[in-house]
Amino acid sequence: MKTYEYQAREILKGYGIPFPEAQVASSPEEAESIARGSGGSVVVKAQALVGGRGKAGGVKKAADPAAAREAAAGILGMTLKGRAVRRVLVAQTVPVVREYYVGAVLDRSAKAVTLMASAVGGMDIEEVARTSPEAIVRVSADPLLGLSDYQTRDLARGVGLSGTQARAFRAIVAALFKVFVEKDCTLLEVNPLALTESGGFMALDSKLVVDDNALFRQPVLAAVEDSESEEEPEEIEARKVGASYIALEGNVGCLVNGAGLAMATMDVIKLFGGEPANFLDIGGGAHVDQVRAALRILLHDPLVRAVLVNIFGGITRCDVVAQAVVDAIAAGEVTVPVVARLVGTNAAEGRAIIEKADVYLAATMTEAAVKVVELADLRSAGPDGTASTGEGRP
Amino acid sequence: MSILVTGETRVLVQNITGDEGRFHTKQMLLYGTKVVAGTAPGHGGEDVEGVPVFESVAEAVSATGADAALSFVPARFSADAIVEAADNLIPLIVCLSEGIPALDMVKVCAHVKAKGCRLIGPNCPGLMVPGECKIGILPGNIFMPGPVGIVSRSGTLTYEIAAALTKLGVGQSACVGIGGDPIIGTTFIDILAMLQADPQTEAIALIGEIGGSDEEEAAVFIAENVTKPVAAFVAGRTAPPDRRMGHAGAIVTGGRGTAADKMAAFESAGVTVCETTDETAAMIADMLRRKAAAR
C-alpha cells in the first residue's frame, strides 16, 4: 500500500527525521493562508500516489501567499495519471546546498532490507541507478541482527560525508531503518535529503510503501488505507470476498483461479487479438457465493462484451465455479456470452453442471481465448457489421 | 533418481485437523505419499485418515522420524510453524500460505538457512516427484513420471504445463512451485541446479512472472551452468505497471521486472521463450524428440 507524502512525512517526523514546516490544503484559499502563516516563499506540491508529479507540473514554487493561492488553484483538480489531485502540501522552502538520496527497500535477491544512499539525489535518481549505479552505495542489514553501526558509517563515507554531517546523516539512516521495520515497509525513501545552508539535513520529500500482508498489525496505516484509498470500489469489494480484481481497458471479462493463470489468461486474450477487461483471481478454494460475487464485480464493468471463465482446479473445485456461473445466468445477472474452460479438480462434475446453461465449453485455453475474443468482437460490432471504435474507459 | 523427495520421504502435516489439512492429507495418502504424522495443539492422540496427531513437531519427529514438513496453518501463524519445523531440524519444509508479512519471511529464511534446512515457498502449491511423492495441493492425476523438470512461481501455471505435457505423453521428473511472494526460501537457481544434476531430468520448463529479478538471475545461471534444454513462459505481459497482480511478488515497479525484460534475458541465455503454456509443453516435447533422434 502506498501512502501520500504528507502521511509518510508525519510518520518519519515521529522518528526524529527533520522536515521543513508544512501543512495540507484542499483549497487555494487554505494554501494562501498557510503560505501567509509561514512568512516566506513556499513550494506547493500535489499529493498523489503516482511518481513523476514534478515533471507533470504538480510541484510549483510560490514567492508569496497570492502566488501560493494561484499555484494551488492550478494543481488542485489537475489529473495525474488519471487521478484527480484533491490535496496539496504547502511547505516552506529551504536554501539547499546539495541534494542527497537515502532509501531502504525489501531486497528480494538478498532476502534482506537493503539501504541505499547517494550524493546525487533529486528527481533523476532512477536515471542515476540505471546509468551510473556506482554512484549509489548499498548495504544489506542482517536479517536477524538488523542494521549495524558500521554499516551506517559505510553509507556516510560512501556519499563523502565526515564529521558532524556524517553523524547527522547516520542518525537519519538509522531512523529510516527503524521505521522500515516497525511499519512493515517494502520501500522507504527520502529524496531529496537536502544539506541546507545552515549545515543540517532536511527531508524534502519521502515515499513510504507498506506491505499489504502486514496491514493486519499496522492498525494506523490500515485505517489510512480505508479512508484514503484510491482503489476502485470494485477492487475493495473483490478483496472482501477473497478475490483480487484490477480493472483494465478491454472488453473481455476474465474469471480465473490463481494469479499466474489470471495473468496468463489476459496475455492469451491479447495474443489472439482481444483486450482483457480485467485481472481477476478468485483465490484458492472459493465457495459458490464468493465466485458469484466475483462474477458480479467483473460484470459491473459496462465495457465487458463477453466473459471467459478459465479454471484449473487444484484447491479450487470446478463444480463450485460452474454452479456459481449457472446460478448467475439463471438469476439474469449475465447478459453477455460466456466461454468456460474447466480443468482439474472435479472438472467432469463442473462441465456437467455448466452444460445445462447457455455457455460455450472450450477444451483448451487457446480455444477458449479465440472463441471469447470472437464473441466480444461480434457484440461490439455496430449494426452495419463493422466493429465499433473508441473502446476504452472514459 | 529425483530431487528433494523420494518415495521414502516421511511427511509431517502441521495443523492436520483443519479442513484443508484433512482433505489434502487424504489426497497425499491416495497418491502414495508417506504421511507419517500430523500436529495440532489440543488434538494430540487423535488420528486423521489413520495418521497419528501430536501436540508438537518435536513429539511428532521423535515418534515418527518425519523428514519433511507441510503446514496448513493460517498465514498469521505460518512463520511460527516454519520456525518450529526448522528448530526440529526437519530438512525439507514446505509452506503454502499466502499473506505472510515479507519482513517475517526475511527473518525466517535466515533462520531456516542457519539450521541447515530448506524451505519451499511460501505462497506455493508444493512440490512433487510424479509416481513417488507429492507434498502440497497439486492435483496428482495430471502428472506422470518422465523426463521433464518443472519449476514455477505460479501454482495454476504449473498445473497447466504439467497437464499439457501429460496430454502429449511426456512425463515429469519433478515439479516444484517456488512461490509467488517476494521473499521465498528456494529460488529458480536452487531448483535449476538440482534439475541439471538429476539424471532423470532431460529437459526443463520454467514458469516465471512479472516482478523482481529472479528470472533474470535464472537466465544468467542457465547460460553458465545448465546444459539441458530449457523452455520458459513468463506471465504478465499485459499487466499494467505499479499494480500488484494478485501475488505479492508480481508487480512491475519503476519500469523494472517487466515480462519483456525477463523474456529478453531468457532469450539471450539460449532459453526457448514461449507465448502460451500449451506452446511451452509442445516445445518441450519437440526438444525431447530431437534429443532422442540425435542419439
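*Asks:* Tell me about the overall build of chain A, and please be specific about residues and values.
*Replies:* Assigned secondary structure in chain A consists of 13 helices and 18 strands. Counting only C-alpha atoms, chain A reaches 75 × 50 × 40 Å along its principal axes. Looking at chain A residue by residue over its 394 residues, the buried ones come to 53%. In the form shown here, chain A has an accessible surface area of approximately 16,800 Å², with 52% of it arising from carbon and sulfur atoms. In chain A, 40 positive and 50 negative side-chain charges are present, and the distance between their average locations comes to 4 Å.

*Asks:* Residues and numbers for the overall build of chain B, please.
*Replies:* Within chain B one finds 9 helices and 14 strands. Over its C-alpha trace chain B gives a radius of gyration of 19 Å, about what one expects of a compact globule, namely 19 Å for 295 residues. The principal-axis extent of the C-alpha atoms belonging to chain B is close to 55 × 45 × 30 Å. For chain B, buried positions account for 61% of its 295 residues.

*Asks:* An account of the interface of chain A and chain B is needed here, citing residue identities and associated values.
*Replies:* How big an interface is tends to be stated in terms of accessible area lost as the parts join. Counting from both sides, the interface comprises 46 residues of chain A and, opposite them, 58 residues of chain B. Carbon and sulfur atoms make up 62% of the area that chain A and chain B hide from each other, which totals about 4,100 Å². Its largest share of buried area at the contact with chain B, chain A owes to Arg108(A), Lys111(A) and Phe312(A), together 19% of the area lost on that side. Here chain A and chain B share 4 salt bridges between them. Across the pair Glu160(B) and Arg341(A) runs a salt bridge whose closest N-O atoms are separated by 2.5 Å. Summed over the shared surface of chain A and chain B, the number is 15 residue pairs in polar contact (both at pLDDT 80 or more). Within the residue set of the side of chain A that touches chain B, elements represented by two or more residues are strand 7 (96-107), strand 8 (112-118), helix 6 (163-182), strand 13 (244-247), helix 9 (259-271), strand 16 (306-313) and helix 13 (365-380) of chain A.

*Asks:* Any details on the sheet that holds strand 12 (residues 203-209) of chain B? Residues and values, ideally.
*Replies:* Pairing is mixed in the open sheet, where 7 strands are placed in the order 9-8-11-10-12-13-14 (chain B). Sheet topology places strand 9 (133-136) and strand 14 (272-274) of chain B at the edges, where each strand pairs with a single neighbour. Across the sheet, the mean angle from the axis of one strand to that of its neighbour is 15°, orientation sign disregarded. Sheet topology places strand 13 (residues 230-235) of chain B next to strand 14 of chain B; 3 bridges connect them, and they run parallel. Within strand 14 of chain B, the residue paired with Ala232(B) across the bridge is Val273(B). Of the strands in this sheet, strand 12 and strand 13 of chain B touch helix 9 of chain A, which is tilted by about 90° from strand 13 of chain B.

*Asks:* Before we move on, can you summarise the pattern of salt bridges with the specific residues and values?
*Replies:* On inspection of all chains with the given rule, the structure shows 31 salt bridges over all chains. A salt bridge links Glu235(A) to Arg243(B), with the shortest nitrogen-to-oxygen separation between them at 2.8 Å. With Glu235(A) in helix 8 (residues 233-240) and Arg243(B) in the loop between strand 13 and helix 8 (259-268), the pair connects residues from two separate chains. Accessibility expressed as a relative area gives 24% for Arg243(B), which makes it partly exposed. Measuring nitrogen to oxygen at the nearest pair gives 2.9 Å for the salt bridge that ties Glu275(A) to Lys270(A). You can call Glu275(A) partly exposed: its relative accessible area is 39%.

*Asks:* So, the packing of aromatic side chains: which residues are in play, and what are the values?
*Replies:* Aromatic ring pairs are described here by two measures, namely the spacing of the ring centres and the angle between the planes. Going through the model one piece at a time under the given rule, you end up with 5 aromatic pairs over all chains. Plain terms: the ring middles of Tyr4(A) and Tyr6(A) are 5.8 Å apart, the flat faces sit at 20° to each other, and that makes the pair stacked. Judged by its relative accessible area of 3%, Tyr4(A) is buried. Tyr6(A) gets classed as buried once you look at its relative accessible area, which sits at 15%. Measuring from centroid to centroid gives 5.7 Å for Phe312(A) and Tyr159(B), while their planes differ by 55°, and the two rings are tilted.

*Asks:* Explain unusual backbone geometry to me, using residue names and the numbers behind them.
*Replies:* Of note, the amide linkage connecting Asn191(A) to Pro192(A) takes the cis form, showing an omega dihedral of 0°. Within the fold, Pro192(A) resides in strand 10 (residues 185-196). The amide bond that connects Gly121(B) to the next residue, Pro122(B), takes the cis arrangement and shows omega of 5°. Within the secondary structure, Pro122(B) is located in the loop between strand 7 (118-120) and strand 8 (126-129). With phi around 65°, Leu4(B) is a residue other than glycine that occupies positive phi space. Phi at Glu49(B) takes a positive value of approximately 50°, unusual for a residue other than glycine. Along the chain, Glu49(B) falls in the loop between strand 3 (47-48) and strand 4 (51-54).

*Asks:* Could you give an account of a nonpolar patch on the surface, naming the residues involved and the relevant values?
*Replies:* On the surface, Leu271(A), Phe272(A) and Val370(A) cluster together into a nonpolar patch covering about 210 Å² of accessible area. Inspection of the secondary structure assignment puts Phe272(A) in the loop between helix 9 and strand 15 (278-281).

*Asks:* Explain the sheet that holds strand 6 (residues 88-92) of chain A to me, using residue names and the numbers behind them.
*Replies:* All names here are of chain A. Strand order across the open sheet formed by 4 strands is 1-6-2-3, with antiparallel pairing between neighbours. Where the open sheet ends on each side, the last strands, each with one partner, are strand 1 (22-25) and strand 3 (59-62). Averaged over all pairs of adjacent strands, the angle between their axes in this sheet comes to 20°, without regard to strand direction. The pairing of strand 2 (residues 42-46) with strand 6 spans 5 bridges and is antiparallel. Directly across from Val 42, in strand 6, lies its bridge partner Gln 92. Helix-sheet contacts for helix 1 (residues 5-13) involve strand 1, strand 2 and strand 6, and the interaxial angle to strand 6 is about 50°.

*Asks:* I'd like to hear about the environment of Ile125(A), residue by residue, with values.
*Replies:* Residues and elements named next belong to chain A. Within the secondary structure, Ile 125 sits in helix 4 (residues 125-131). A sequence separation of 142 residues divides Ile 125 from Asp 267, and the C-alpha atoms of the two residues are 32 Å apart. Not counting the four nearest positions on each side in its chain, Ile 125 is found in contact with Tyr 101, Ser 118, Val 120, Ile 136 and Asn 191.

*Asks:* Talk me through the domain arrangement of chain A; I want residue IDs and the actual numbers.
*Replies:* Residue and element names in this part refer to chain A. Each assigned domain of chain A is listed here: domain 1 (21-92), domain 2 (96-224) and domain 3 (233-380). Summarising the inter-unit geometry, the C-alpha centres of domain 1 and domain 2 are found 26 Å apart. Taken over both partners, the interface formed by domain 1 and domain 2 buries close to 290 Å², and the fraction arising from carbon and sulfur atoms is 37%. For the domain 1 face of the interface with domain 2, the top three residues by lost area are Lys 45, Arg 53 and Lys 55, together amounting to 82%. Where domain 1 touches domain 2, the interface holds 1 salt bridge. Across the pair Asp 205 and Arg 53 runs a salt bridge, and its minimum N-O distance is 2.8 Å. Here domain 1 and domain 2 share 2 residue pairs in polar contact (both at pLDDT 80 or more) between them. Taken together, the residues that form the side of domain 1 that touches domain 2 break down as no nonpolar, 1 polar and 3 charged.

*Asks:* Quick one: what's the story with the side chain of Arg170(A), residue by residue and with numbers?
*Replies:* Residues and elements named next belong to chain A. Mapped onto the elements, Arg 170 comes out in helix 6. Buried and unpaired, Arg 170 has no salt bridge, with Asp 149 as the nearest side chain of opposite charge at 4.2 Å. Of the polar contacts made by the side chain of Arg 170, one reaches the backbone oxygen of Asp 149; its length is 3.4 Å. Once residues within four sequence positions are removed from consideration, Arg 170 is found in contact with Asp 149, Thr 152, Arg 153 and Ala 156.

Analysis parameters
Every chain begins its residue count from 1, and numbering advances along the sequence as written. Here every chain gets a letter starting at A, and every ligand a number starting at 1, in the order they are written. For a predicted model such as this one, the threshold for reporting local features is a pLDDT of at least 70, and the threshold for listing and counting side-chain atom pairs is 80 or more; totals across whole chains, interfaces and linings nevertheless cover every residue. Only heavy atoms go into the side-chain values, all of them from the structure, while hydrogens and water stay out. Here a strand is any run of E in DSSP of at least two residues, a helix any run of H or I of at least four, and the numbering for each starts at the N terminus. Three exposure classes are used, based on accessible area relative to the maximum for each residue type with a 1.4 Å probe and protein chains only: buried under 20%, partly exposed in between, and exposed over 50%. Each accessible area is a Shrake-Rupley result for a 1.4 Å probe, and residues are judged covered by the shown protein chains and nothing else. As used throughout, the charge tally considers Lys and Arg to be positive and Asp and Glu to be negative, leaving His and the chain termini uncounted. The atom standing in for a charge is NZ when the residue is Lys, CZ when it is Arg, CG when it is Asp and CD when it is Glu. For the radius of gyration, the atoms used are the C-alpha atoms, and the globule rule reads 2.2 Å times the number of residues raised to 0.38. Only heavy atoms enter the contact rule, under which two residues are in contact if any of them lie within 4.5 Å. Note: buried area is the sum, over both parts, of the accessible area (probe 1.4 Å) each one loses when the two are combined. Any carboxyl oxygen of Asp or Glu within 4 Å of a side-chain nitrogen of Lys or Arg constitutes a salt bridge here. Here a polar contact is recorded for every N or O atom pair within 3.5 Å, except that within protein the pair must consist of a potential hydrogen donor and a potential acceptor, and residues adjacent in sequence are included only if both atoms are side-chain atoms. By this definition, two strands are paired if DSSP reports at least two bridges between them. Axes here refer to lines fitted to C-alpha atoms; in helices the fit is confined to the stretch in contact. Angles between the N-to-C directions go from 0 to 180 degrees. Any pair of Phe, Tyr and Trp rings, taking the six-membered ring for Trp, is counted once the centres come within 6.5 Å. Such a pair is stacked with planes under 30 degrees apart, edge-to-face with planes over 60 apart, and tilted for the rest. What makes a patch is a set of residues exposed beyond 30% relative accessible area and free of salt bridges, joined within 9 Å when like-charged and within 5 Å when nonpolar (Val, Leu, Ile, Met, Phe, Trp, Tyr). Domain extents, as shown, originate in an automatic or database domain assignment. Each residue is assigned to one of three groups, with Ala, Val, Leu, Ile, Met, Phe, Trp, Tyr, Cys and Pro labelled nonpolar, Asp, Glu, Lys and Arg labelled charged, and all others, Gly among them, labelled polar.

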